[in-house]
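A structural walkthrough
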Amino acid sequence: MSILVNKDTKVIVQGFTGKEGTFHAEQCLAYGTNIVGGVTPNKGGQEHLGKPVFNTVKEAVNTTGATVSMIFVPPAFVADAVMEAADADIDLAVIITEGAPVRDMQAAKAYAVKHGMKTIGPNCPGIITAEECKIGIMPGMIFKKGNVGLISKSGTLTYEGANQVCNEGYGISTAVGIGGDPIIGLSYKQLLPMFEADPQTEAIVMIGEIGGDLEIQAAAFIKENITKPVVAFIAGQTAPAGKRMGHAGAIVSGGAGTAKEKMEALEAAGVKVVVSPAEIGKAVAEVLGRK
Amino acid sequence: MNIHEYQAKQIFAQYDVPTPRGIIANTPDEAVANAKELGGDIWVVKAQIHAGGRGLGGGVKLAKSLEEVRTLASEILGMTLVTHQTGPEGKLVHKVYIEEGADIKDELYLGVVLDRAREMPVIMASTEGGMAIEDVAHDTPEKIIKIAVDPAIGFQGFHGRELVFGLGITDKNEQKKMIDFASKLYKLYMEKDAEMIEINPLIKNGAGDFLALDGKMGFDDSALGRHPDIEAMRDISEEDADEREASQYGLSYIALDGEIGCMVNGAGLAMGTMDTINYMGGTPANFLDVGGSANAETVAKGFEIILKNPKVKAIFVNIFGGIVRCDRIANGILEATKITDVNVPVIVRLDGTNAPEAAEILKNANIANIIVGTDLGDGAAKAVAAAKGA
């Protein structure tokens, strides 16, 4: 078991024939991901990486039965691509592209939610179910199959965390890079119950960072609903205040958004919070050893 | 990207958001000429820097004669203005905005910002205009009204009613003016891909008109491509020179106060590296994300920027290669040691894609200054020790 994706998941790639799309689709295929085709307007009917190319997502879905789309289109076209996927009844869109305008993502996400489509990202490494299905840009070789679920806003901290967990002799069930943009798709609060319900997952690592209050929401949710042990790290304890953060933006969540506040909220919810990401592996060994 | 007050007011004018009349000046002569052109007998001379709190810092002064306009403009132009938002080093004033005096009956606050939790813009308003809004939020949060506007329906009548009743505006004519003001501000926020707009204070004058006395705007960097008019407002002198240079090479750099230079891939790991250094008793000198397309040239540039800071006593290179290949980083480090005089210990931890090849490259190069860290914790510990020993 795992969450959201596995070896049978049928995946299409939007932006299939572009440079990034091609490179990463190839890597995903090599990992074993069941990529059944891709979409590039005006290239329908061609074959790319041995898979069919379609002009529209609808056509791709109707022909292949794909349920997940991995999106690599340039930033200005991300919203359009996400909405097209939602309109074509895709279940999950994994948006890798970095630099999509916030206003576009706001509209695209609202449309996706209305159509019952889940989204991951944008600006994220994607999702991987270890040794089964990689939909994204992470280095597949570090994710050994195991019983730890991972949720992270940061790409490289996902790799760091997964690597430590595997070095301790454990492994990963599914790892989800949710992205660090102001508006993102699935977040801790939606993913935690999936890991809670997944029989393969025995512990959860959550990696957050400063800004917004998703980690605070997660803490409240964990306290009420999660029985599996959770290890957390919040990046940015030493980040200077106010950098990159709008003045008025700092007050909306009433002062929420500092690493300290998030760490305290998670600790109060019974989460094992580590001060350095170098401690993630050891902390996982500790909580799993205690069980 | 942020812009100046006078630029924000130019955008307000495009949307018929009322402001006092004003003209930008680069010299005391221009300031006097502007005051003459505006007419009247009272003017405000306002320093233009990208920071709040200018009034308290002495950057906003009232002039009651043209001579006084000249004197004040001379004082303010070229001064280093220190406010609670500039940091202790302050900011040099290059331009002053000369604005007609306003007859202030009431001071309010009005802003639009993204509410990340609700995932939609929120209009924020308060009767406590002219005060730092963070203080109002902290001391009297009930005095801040927040009205989320779903872009799917846009600014509706009920949003306007919530706003005016919340602000205690009872005069029907004034209600109409305020609703009109806020709806235009919302339109501007959406159309220009603003990240935040803040008007503090928004004043009511003797005639019952509402005017934006100040204006602060920031824009979504990711959307600037479709707003060449906004991009043209960029003031390079307001940006940190090192941060800007770094960004031209695809590096994201922020200077800090400590002693250990950091070069990391990924923003999260970069922050996590700073946190680890701190946790182990050291102090990070900077945040530096080399990004996903790091190569020998960008790594060498990163070293150069880090080493400009004389406080740096050691450098910790922490790379977890995904898309970034470790062998390229290793070559970059070697390149950097040829181009730049790397005179401090460099602790290198390379993990992930092509890490064994990278280790081989560094080993064969046999450079005295380079110390290998086996993992994040080990690398950080060695960096802290090296900085203390230096």
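Residues numbered from 1 in each chain as written. Chains lettered and ligands numbered in written order. Predicted model: local features only at pLDDT ≥ 70, side-chain atom pairs only at ≥ 80, totals over all residues. Heavy atoms only, no water.

**Remarks on the overall build of chain B**
A tally of helices and strands in chain B yields 13 helices and 18 strands. Once the C-alpha set of chain B is aligned to its principal axes, its extents read approximately 80 × 50 × 40 Å. Scored against the burial criterion, the 390 residues of chain B give a buried share of 53%. Partitioning the contacts of chain B with sequence separation of at least 6, the portion at a separation of at least 24 is 69%. For chain B, the computed accessible surface area is about 16,300 Å², with 51% contributed by carbon and sulfur atoms. Side chains of chain B carry 38 positive and 58 negative charges; the gap between the two charge centres is 2 Å. (Helix = DSSP H or I, 4+ residues; strand = E, 2+ residues; numbered from the N terminus. Buried < 20%, exposed > 50% of the residue type's maximum accessible area, 1.4 Å probe, protein only. Contact = heavy atoms within 4.5 Å. Areas by Shrake-Rupley, 256 points an atom, 1.4 Å probe, with all protein chains shown as cover. Lys, Arg positive; Asp, Glu negative; His and termini not counted. Charge placed at Lys NZ, Arg CZ, Asp CG, Glu CD.)

**Description of the overall build of chain A**
Scanning chain A from N- to C-terminus turns up nine helices and 14 strands. Here the C-alpha atoms of chain A give a radius of gyration of 19 Å, agreeing with the 19 Å that 2.2 N^0.38 yields for 291 residues. Principal axes of the C-alpha set define a box for chain A whose edges measure 55 × 45 × 30 Å. The buried share of chain A, reckoned over its 291 residues, is 60%. Intrachain contacts of chain A at a sequence separation of at least 6 include 75% that bridge at least 24 residues. In the form shown here, chain A has an accessible surface area of approximately 10,600 Å², with 51% of it arising from carbon and sulfur atoms. For chain A, the distance from the average position of its 25 positive side-chain charges to the average position of its 29 negative side-chain charges is 1 Å. (Rg over C-alpha atoms; globule rule 2.2 N^0.38 Å.)

**A short note on the packing of aromatic side chains**
All names here are of chain B. Scanning the entire structure with this criterion turns up three aromatic pairs over all chains. Between the aromatic rings of Y6 and Y97, the centroid separation amounts to 6.4 Å while the plane-to-plane angle is 35°, which identifies the pairing as tilted. Pair noted here: Y6 is in helix α1 (residues 5-14) and Y97 is in strand β6 (residues 96-100), with a separation of 91 residues, a long-range link. This pair shows no difference in class: Y6 is buried, exactly as Y97 is. Ring geometry for F155 against Y186: centres 6.4 Å apart, planes inclined by 35°, an arrangement best described as tilted. With F155 in the loop between β9 (144-148) and α5 (157-166) and Y186 in helix α6 (residues 172-191), this pair connects stretches of sequence that are 31 residues apart. For F155, a relative accessible area of 18% translates into the label buried. Here Y186 falls in the buried class, since its relative accessible area comes to 7%. (Phe/Tyr/Trp six-rings, centres within 6.5 Å; stacked < 30°, edge-to-face > 60°.)

**Describing the sheet that holds strand β5 (residues 68-71) of chain A**
All names here are of chain A. Sheet architecture is open: seven strands sit in the order β3-β4-β2-β1-β5-β6-β7, paired in mixed fashion. Across the chains shown, the open sheet's two edge strands, defined by having one partner strand only, are β3 (47-48) and β7 (118-120). Inspection of the sheet shows β3 paired to strand β4 (residues 51-54) by two bridges, in the antiparallel sense. The residue of β4 that forms the bridge with E47 is P52. Of the strands in this sheet, β1 (11-14), β2 (35-39), β3, β4 and β5 touch helix α1 (residues 19-31), which is tilted by about 170° from β2. (Pairing = 2+ DSSP bridges. Axes fitted to C-alpha atoms, helices over the stretch in contact; angles between N-to-C directions.)

**Overview of the packing of helix α3 (residues 78-87) of chain A against helix α4 (residues 102-114) of chain A**
Residue and element names in this part refer to chain A. Running from amino to carboxyl end, α3 crosses α4 at an angle of 5°, the nearest separation of the two axes being 9 Å. One finds that α3 runs roughly parallel with respect to α4. In contact with V78, A79, V82, M83, A86 and D87 of α3, α4 contributes D104, M105, A107, A108, Y111 and A112. Along the lines of polarity and charge, the residues of the contact of α3 with α4 split into ten nonpolar, no polar and two charged. (Parallel < 35°, antiparallel > 145°, perpendicular 65-115°, else oblique. Nonpolar A, V, L, I, M, F, W, Y, C, P; charged D, E, K, R; others polar.)

**What about the confidence of the model for chain B?**
Looking at chain B, pLDDT values average 92 and 100% of them are 70 or higher. Model confidence for the complex is summarised by a pTM of 0.91, with the ipTM given as 0.90. (pLDDT = per-residue confidence, 0-100.)

**Side note on the interface of chain A and chain B**
Taken together, the contact pairs 50 residues of chain A with 54 residues of chain B. At the boundary of chain A with chain B, total buried surface from both sides reaches about 4,000 Å², with 62% on carbon and sulfur atoms. Our enumeration of links across chain A and chain B arrives at four salt bridges. Across the pair B:E119 and A:K109 runs a salt bridge, and its minimum N-O distance is 2.8 Å. Counting across the interface, chain A meets chain B through twelve residue pairs in polar contact (both at pLDDT 80 or more). (Buried area = accessible area lost by both parts, 1.4 Å probe. Salt bridge = Lys/Arg side-chain N within 4 Å of Asp/Glu carboxyl O. Polar contact = N/O pair within 3.5 Å; in protein donor to acceptor, adjacent residues only side chain to side chain.)

**Considerations on the environment of B:H4**
Residues and elements named next belong to chain B. Structurally, the position occupied by H4 is in the segment before α1. On the basis of relative accessibility, which here comes to 2%, the residue H4 falls in the buried class. In sequence terms H4 and M217 are 213 residues apart; their C-alpha atoms lie 7.7 Å from each other. Residue contacts for H4: discarding those within four places in its chain leaves Q48, I49, H50, D235 and E238.

**Remarks on the environment of B:K95**
Residues and elements named next belong to chain B. Position of K95 relative to the elements: it lies in the loop between β5 (91-92) and β6. A relative accessible area of 25% means that K95 is categorised as partly exposed. For K95 and I179, which are 84 residues apart along the polypeptide, the C-alpha to C-alpha distance reads 33 Å. Ignoring any residue separated from it by four or fewer positions in sequence, one finds K95 in contact with Y6, I24, A25, N26, K46, A47, Q48 and L77.

**Some points on the pairing of strand β12 (residues 203-209) of chain A**
Residues and elements named next belong to chain A. Within β12, seven of the seven residues are buried, which leaves the element mostly enclosed by the surrounding structure. The alternating pattern of β12 places A203, V205, I207 and E209 and I204, M206 and G208 on opposite faces, both of which are buried. One ladder, built from five bridges, connects strand β10 (residues 145-152) with β12; its direction is parallel. Looking across to β12, one finds that L150 is bridged to V205. Pairing of β12 with strand β13 (residues 230-235), which is carried by six bridges, proceeds in the parallel orientation. In the strand pairing of β13, G208 is matched with I234. For the crossover that starts at β12, traverses helix α7 (residues 214-225) and ends in the parallel β13, the hand is right-handed. (Right-handed = clockwise from strand over helix to strand, strands pointing away.)

**A few points about the confidence of the model for chain A**
Within chain A, residue pLDDT values average 92, and 95% of them lie at 70 or more. Low pLDDT (under 50) marks residues 245-254 of chain A, which in the prediction has 28 contacts with non-local residues, meaning those over four places away or in another chain.

**Quick notes on the sheet that holds strand β1 (residues 22-25) of chain B**
All names here are of chain B. Spatial ordering of the open sheet is given by β1-β6-β2-β3, a layout of four strands whose pairing is antiparallel. Looking along the sheet, the strands with just one partner apiece sit at the ends: β1 and β3 (60-63). Pairs of neighbouring strands in the sheet enclose a mean axial angle of 20°, with direction left out of account. With four bridges joining them, β1 and β6 adopt antiparallel strand pairing. Across the sheet, A25 pairs through a bridge with V96, a residue of β6. This element, helix α2 (residues 28-38), spans β1, β2 (43-47) and β6 of the sheet and lies at about 170° to β1.

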